[in-house]
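# What the coordinates show
Next come the chains, spelled out residue by residue.
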Amino acid sequence: MSSVEFRKDLFADERDDTLKEIGKPTIRQDILGHVTGRTPFYDDHAFEGLLHMRCVRSPHHHANIRRVDASAAERMEGVVRVVMPSDVPVNLNTLLHLIGFGKDDEPLLADKKATYIGEPVCAVIATSERIAREACDALKVDWEVLPHVLDVEEALKPDAPSVNPAYPNNTFDYGRFDHQKLRFGDVQEGFVQSDVIVEHMYQMSPIEQAPMETCGAIAAPETNDRIVCYTATQAMFFSLGNTAKVMNMPSSRLHFVGGTVGGGFGGKVDSIVDMMAVLGAKLTGRAVKFQWDRAEEMQVGAPRGAERWYIKDGLSKDGRILARQFTGFFDGGAYTRLSSYAVQKCVGHLPGPYTIPNVAANVYLVYTNRTPATAMRGFGVTGVDFALECHMDKDAEAVGMDPIEFRILNAYRDGDMKAHRREAKNTALVECCQVAAQKAGWSLSPAMMGESSKLGSTPERAAIPETAIDQEGLIGARRQGEIPTAPAVRSTGTRPAGQRTDARVAVAPQVADMQIDPDRVGHQTKVAPTAPMSAPSTTPAPMAAVASAPSIPATPSPQPAFAPATSSPPPVTPAATESARETPFQRGVNRPGLSPFLSGRRRR
Amino acid sequence: MISVLACQTAAEADAQLTERSRILGGGTLLMRDVNYGDQSFDRILRVTDPALRQIDLQGSRISIGAGVRMAQILALSELDFLHPVASKIGGPAIRAMATVGGNLFAEHPYGDFATALLALDAQVTWADGRSEALEALLTQRRRGGMVAAVSITKPAPGEFRYLKVTRTKPKGVSVMCIAALLRREGGRLGDVRVAYGAMGPTPLRAKAVEAALKGATLDASGIAPALARASDGITPPEDALASSWYRKEVLPVHLSRLLLSGGTY
Amino acid sequence: MAKTPVTFTLNGASKSVFVEQGGNLLDELRRNVGDLSPKYGCGQGTCGACTVIVDGQPQLSCLTLSETIDGCDVQTTSGLANGPDLHPLQQAFMEGFAAQCGYCTAGMLMAAKVLLDRNPSPSREEVAEAISGNLCRCTGYEPIIDAILSAASGNLRRSS
C-alpha cells in the first residue's frame, strides 16, 4: 500500500490538528456503483431509436472549403440528416465568453476554411454508427489547400499564414498587447548588477488527457420543449452556458445531466460534444448520440498545449538570483479554448516560488494550425515549472552551489512580495527542500537546515519596487515588421515603488441575477497566531476580489479580467473589507440566510 | 453495410474469398477495422472448422492451425520455445483471441509471431493444399487466399532466441523484435536465420547478418561483423513508437544482446 | 440486412438475441441485452474497458464478432456479485480505493477474476501481467494490484 507520511511537526502552530478524514482509510461514496458496473456514465442511458452523429473532418492543416457535396450521403439508406454549418444557430463561439474573456473565434462546424487536421466541417446523423461512418466517407469536400504554420515562433513572423480570422496576427489579445506582460523591478538593471548570466530554452510537447471514456453526449427531446443532454462533461454549467449560446436557446430549455465522468483531466471542459448532440436532437427531434472514437479523442481532443520558454537569469556570485526574464510561447492551436486563461495562470505563477527583485515576462498565446489546446491538470503551470526547475539546476551549477541549497537560499519567505504584487503567505518551499534532502540522504549545511519559511523576509523583500515599463508588442505591430519577442531592453517609463496597477474588471453579467453581491462573497479571514502577515483587508481572494470590484462599468471593458490579472491585481475594495466578519468562515460553509448554492469561497 | 458468412471449412472460405472479403481470425485486427469504418471490405468470412484450432505435435514437423490462439501456444509445454514470443503479444485478452494465422497478415507494427516463425523457417499450408515458405507469403501478402496451417521444425534446446523491444512493460507494441535460429556446427555457428519484426512493412530476414554469422563464434568479436551489417538493406518504418533513425541506430545494440546474452528483456 | 440468431449464457442466464451482422459483442451487450457494465474505451483492443469472460477466457468484447459467441458462456461484472454479497474482488477494490472514475473498473475486475480463477494465490508480477491489457488513467495500477492481491489472500476487512 502506498503510504503518506504526515509531517505535522512542521507549522504545527498554524493549524488545528482536527483532520477527520485525511490520513485515514475511507471508502469512496461512489465506488459501489463502480465495482458492480452500475455507475451510470453518459452512454449508459438507453433510448429507443437512438441516432448516431459523426463528423466529416479536415484532412489538411489549413485549407479553404470550396464546396461540400452531400448528395451521395443524403441518398444513403439510414442517413437521417446531413448537418451543415448553416444549421448551427450561432456558429461562432469562444468558451470563455461566459466570463467575457476573449472574442468569439471558433465555429462549431467550419464553413469557410479548416484550420487544423480533424476540424469538423459538417456532420451526418444516421440510424447506426456504421452508416454514419459510411456517409461521412461519401461526403465530398472540395479543398483548396493553404500554407500552414505549426511552430509558435514561425507564426509570429510578419509573413506567417494567418490562422484564426478573429485574431489575424496569430496572437491572443491581452489588453493593448499581443502578449501578457509581467514587470516587477527592472530586469535590465538586475542583469547589469549580476556576476553570472544563465540563459536557456526549454520546450514541452502537447499532452493529450486520454481519458478512458472518450468525450461524448446523448441529447434527446424532453417534456415542455426541453432537450435533455446526458454528457461526459466535467464542467456542467460551462457546457450548459456554451450550448445555450451556440443553440441560441435559453438555458432553461436545456436539461443537462452529468456528473459521472469517465476520466477528464481537463479534456472534458470544451463542451463540443454537448453542442453537437443537442444540435442533432434539435434538428431531428430524436435522441442523438455524438461520441468521439479513440482516434478522434487523440487527434481532435484538445490537449494541454505545447510550450516553449526562454529563461534568462542574472545571478550574484553568492547565489542570489537578481533578475529573471521569461519569453514564453503557448501553442494554442487554431482556436482559443482555455489557453488564454493558461497564460494568465502561468504569468501569475512566475517567477516560481522564489523571491527575485527584478522580473520581466512576455508570454504569448500563439495560434498555429494545430489541434486547439485547452485545460489539462495544472495547465499553464506545469510546463513553466519544468523549465524553471531545470533552469534552477543550471543556475546552481553556474555559481557552484548545491542545487537544493541554491533553492533554499532563493526561496520566498512568508511576507515577501511576489512579482504579481501579492504577498507570499504560508510558504513552505524551504521545509520541502529540507525534508526532500533528508529523504534522499542528501546532506545540507547546518545553516541551510536551520532556514525557515517563516523567517528571512525584510521590508525590502516585502515592498513593491519601482518598476520599468514599456509599450512594445502592441496588437498588430508584429505584422508590420519583426520586433523582438523578449521583454524590451529599453523601458519607456517607470511605475513608482509601492504602486499596484490599475484594476481590470470583468464585463457586466448578462443577467442581473448573475451579479454576485460583494456582501455574499466571503473569503477566509482567519489569521494564524504566529503569521500576522495575512491582514484580512489587504488581499482578498482573487476571484472574490474580481467579482466584488465596486464599480462594474456599464459597457464591457476592453480588458476584461478572467483570472486575477497578473500584472494588475484588483485594488483593495471597501466592499471586500467590510465583508470580513468577526468569525471566519471557510469554504463550503455558508452564512445564514444565503443561498445554499453559494459556497463561502471559490477556488480554482 | 457488413455481411458475415459462416463457412464450415477453410476450403469453403477460400472459395468465397473476394476482393471485398476478409477472413476473421481472432478479430483483434479485423474487428478494429470494422469498428473504425474501413470501407475497403464489406464481407467477413468466418470459418467454424475446429481443425483450424488444432496443433499437431505427432509428425516430424509441428503443425499449428491458422486459428490457434496465442493462449493455446502458451498452454503447451512442447511449444515452450515459442512462449517468450506469444506471452509478449498484447495482454491476456488479446492472447486469448489473436490467432497464428492472423498474425501472418498483421500490418506493422504487429506481427511478432510471424517474425519468430520466419526465423524458424516456417512452411505455410494454404487452404487449397498448396504449401510454400512463409517468406514467400510475406513478400506478397495481399494476393489473397486462406492459410490453413503453418509448420515448423522444433529447434534444439537453446537454438532459438527471441527479443522484443517495447516502450512499456509488461505489455507493449514492438519498437522492434528480433528472432534468431542459431544452429551450431562444432563450436561455431552453422546455418543461421535471423528475422526482424517492426523493421519494415512485414517481418523480414536479415540476410547480411545471417551471412556474417555463418561460421562465426558467438562472442563479442565473432559477432562484430554481423553487427556492422545489422541494418543492411533495411529501411525501418517511422511511427509513434520510434523514428526510422532510432530503430536503425539501436538495432545493433539489441541484436548484440540477443546473440550474446540470450536476449530476454 | 438479415440478422443472425445467437444464443448464449450471460452470467448464468440464457439469452437468445438477433445480432446485427458485423456487430460486436460490446454493442450487443450494451444496446440489445442491456448489460451496461462493459465500457467502450477505444474499439481497437488497446484499453481493456470492454473485457468480458468468454468460456473462462478474458476477451475484448469490442473486438468480438457477435455471432461468434453462439453457444458460449459469457460473464460480465454485472454478474460478479452474488445478489447483495459482493465478490471478494469487488470488496477489495472498494476497500483499497482501487477505482476513481470507475470507467476501467468493470474490465479490470474481469481480467482479475480470470487470474484468480486459475491461480488463487498469484504473485505481484502475475497480477501486473494479468491486468496488462487494461488501462487505467486515474487510480494508477498500484492500488489495483494491491486490491487484487488482498482479494486473493482473503485479507479483507469486510466492513461497512
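Calculation criteria
Residues numbered from 1 in each chain as written. Chains lettered and ligands numbered in written order. Predicted model: local features only at pLDDT ≥ 70, side-chain atom pairs only at ≥ 80, totals over all residues. Helix = DSSP H or I, 4+ residues; strand = E, 2+ residues; numbered from the N terminus. Rg over C-alpha atoms; globule rule 2.2 N^0.38 Å. Expected span 1.5 Å × (residues − 1). Buried ≥ 20, exposed ≤ 12 C-beta atoms within 10 Å, placed from the backbone. Pairing = 2+ DSSP bridges. Contact = placed C-beta atoms within 7 Å. Axes fitted to C-alpha atoms, helices over the stretch in contact; angles between N-to-C directions. Parallel < 35°, antiparallel > 145°, perpendicular 65-115°, else oblique. Nonpolar A, V, L, I, M, F, W, Y, C, P; charged D, E, K, R; others polar. Core = buried A, V, L, I, M, F, W, Y, C linked by C-beta atoms within 7 Å. pLDDT = per-residue confidence, 0-100.

### Some details on the overall build of chain C
Secondary structure summary: chain C contains five helices and five strands in total. Reading the helices (α) and strands (β) of chain C from amino to carboxyl end gives β-β-α-β-β-β-α-α-α-α. Against the 2.2 N^0.38 benchmark of 15 Å for 160 residues, chain C shows a C-alpha radius of gyration of 16 Å, consistent with a compact globule. By principal-axis analysis of the C-alpha atoms, chain C measures approximately 50 × 30 × 25 Å.

### Observations concerning helix α7 (residues 272–284) of chain A
Residues and elements named next belong to chain A. Taking 1.5 Å of rise per residue, the 13 residues of α7 would be expected to cover 18 Å, and the 18 Å separating its terminal C-alpha atoms lies within 8% of that figure. For α7, the tally of buried residues reaches 10 of 13 residues, placing the bulk of the element in the interior. If you check which residues of α7 are buried, you get Ile272, Val273, Asp274, Met275, Met276, Ala277, Val278, Leu279, Gly280 and Ala281. Just beyond α7, the residue with positive phi is glycine 285, at close to 70°.

### Here we look at the pairing of strand β2 (residues 63–69) of chain A
Residue and element names in this part refer to chain A. Pairing of β2 with strand β4 (residues 113–114), which is carried by two bridges, proceeds in the antiparallel orientation. Looking at β4, one finds that asparagine 64 is bridged to lysine 113. Taken together, the six bridges between β2 and strand β6 (residues 140–145) define a ladder with antiparallel strand orientation. Paired with arginine 67 across the bridge in β6 is aspartate 142.

### A few points about the environment of Ala208(B)
All names here are of chain B. With respect to the helices, strands and loops of the structure, alanine 208 is situated in helix α9 (residues 207–213). Residues alanine 208 and alanine 228, spaced 20 residues apart in sequence, show a C-alpha to C-alpha distance of 9.6 Å. When near neighbours in sequence (up to four residues on either side) are disregarded, alanine 208 contacts Arg229, Asp232 and Gly233.

### Brief notes about the packing of helix α10 (residues 382–398) of chain A against helix α11 (residues 403–410) of chain A
All names here are of chain A. Interaxial distance between α10 and α11 falls to 9 Å at its minimum, and their mutual angle equals 100°. In this view, α10 runs roughly perpendicular relative to α11, as classed from their interaxial angle. Along its contact with α10, which presents Met392, Asp393, Asp395 and Ala396, the element α11 presents Pro403, Phe406 and Arg407. Of the residues belonging to the contact of α10 with α11, the class tally is four nonpolar, no polar and three charged.

### Topic: the sheet that holds strand β4 (residues 55–56) of chain B
The strand order across the open sheet formed by five strands is β4-β5-β8-β6-β7 (chain B), and the pairing between neighbours is antiparallel. Looking at the sheet topology across the chains shown, the edges are occupied by β4 and β7 (131–133) of chain B.

### Description of the sheet that holds strand β15 (residues 358–367) of chain A
Residue and element names in this part refer to chain A. Reading across the sheet, the five strands line up as β7-β15-β14-β13-β8 and stay open at both edges, with mixed pairing between neighbours. Because the sheet does not close on itself, it has two edges, and the strands there are β7 (180–184) and β8 (196–204). Adjacent strand axes in the sheet meet at a mean angle of 5° when their direction is disregarded. Pairing between strand β14 (residues 321–333) and β15: 10 bridges, direction parallel. For threonine 327, the partnering residue across the bridge sits in β15 and is asparagine 362. Helix-sheet contacts for helix α9 (residues 339–349) involve β7, β14 and β15, and the interaxial angle to β15 is about 170°.

### Focus on the interface of chain B and chain C
Of the residues lining the interface, 24 residues belong to chain B; the matching set on chain C comes to 27 residues. Of all the secondary-structure elements, those providing two or more residues to the side of chain B that touches chain C are β1 (3–7), α2 (30–35), β3 (43–47) and α5 (92–97) of chain B. Looking at which element gives the most residues to the side of chain B that touches chain C, the answer is α5(B), with five residues. When its residues are assigned to classes, the side of chain B that touches chain C shows 15 nonpolar, six polar and three charged.

### Observations regarding the nonpolar core
Among the nonpolar cores identified, the biggest contains 261 residues, and Val124(A), Ala219(A) and Ala277(A) are the most heavily contacted of them. When neighbours within four sequence positions are excluded, Val124(A) is seen to be in contact with Met53(A), Arg54(A), Ala73(A), Val79(A), Val82(A), Ala132(A), Ala135(A), Cys136(A) and Leu139(A).

### Observations concerning the confidence of the model for chain C
In low-pLDDT regions, the fine details of the predicted coordinates are not to be read closely. For chain C, the mean per-residue pLDDT works out to 95, and 98% of the residues sit at or above 70. The ipTM value of the predicted complex is 0.97, and its pTM value is 0.88.

### Concerning the interface of chain C and chain A
Each side of the interface is counted separately: chain C has 33 residues, and chain A has 25 residues. Counting only elements with at least two residues in the side of chain C that touches chain A, the list comes to α2 (88–95), α3 (105–118) and α5 (141–153) of chain C. Element by element, the count of residues in the side of chain C that touches chain A is highest for α2(C), at four residues.

### Here we look at the pairing of strand β5 (residues 120–126) of chain A
All names here are of chain A. The element β5 is largely enclosed, with a buried count of seven among its seven residues. Of the strand pairs in this sheet, strand β1 (residues 51–57) and β5 are connected by six bridges, and their pairing is antiparallel. Each residue of the ladder has a partner; that of cysteine 55, found in β5, is alanine 123. Direction of pairing for strand β3 (residues 79–83) relative to β5: antiparallel, over a ladder of four bridges. Following the sheet pairing, arginine 81 is matched in β5 by isoleucine 125.

### A few points about unusual backbone geometry
A cis geometry characterises the amide bond from Leu350(A) onward to Pro351(A), with omega recorded as 5°. Counting through the fold element by element, Pro351(A) comes out in the loop between α9 and β15. The residue after Lys169(B), namely Pro170(B), is reached through a cis peptide bond having omega 0°. Summarising the element assignment, Pro170(B) is placed in the loop between β9 (160–166) and β10 (174–185). Phi angles above zero are rare outside glycine, and Ala210(A) is one such case at about 45°. Locating Ala210(A) in the fold gives a position in the loop between β8 and β9 (216–221). Although it is not a glycine, Ala198(B) sits at a positive phi angle of roughly 60°. Within the secondary structure, Ala198(B) sits in the loop between β11 (188–197) and β12 (204–205). Classification of Ala198(B) as buried rests on a count of 26 C-beta atoms within 10 Å.

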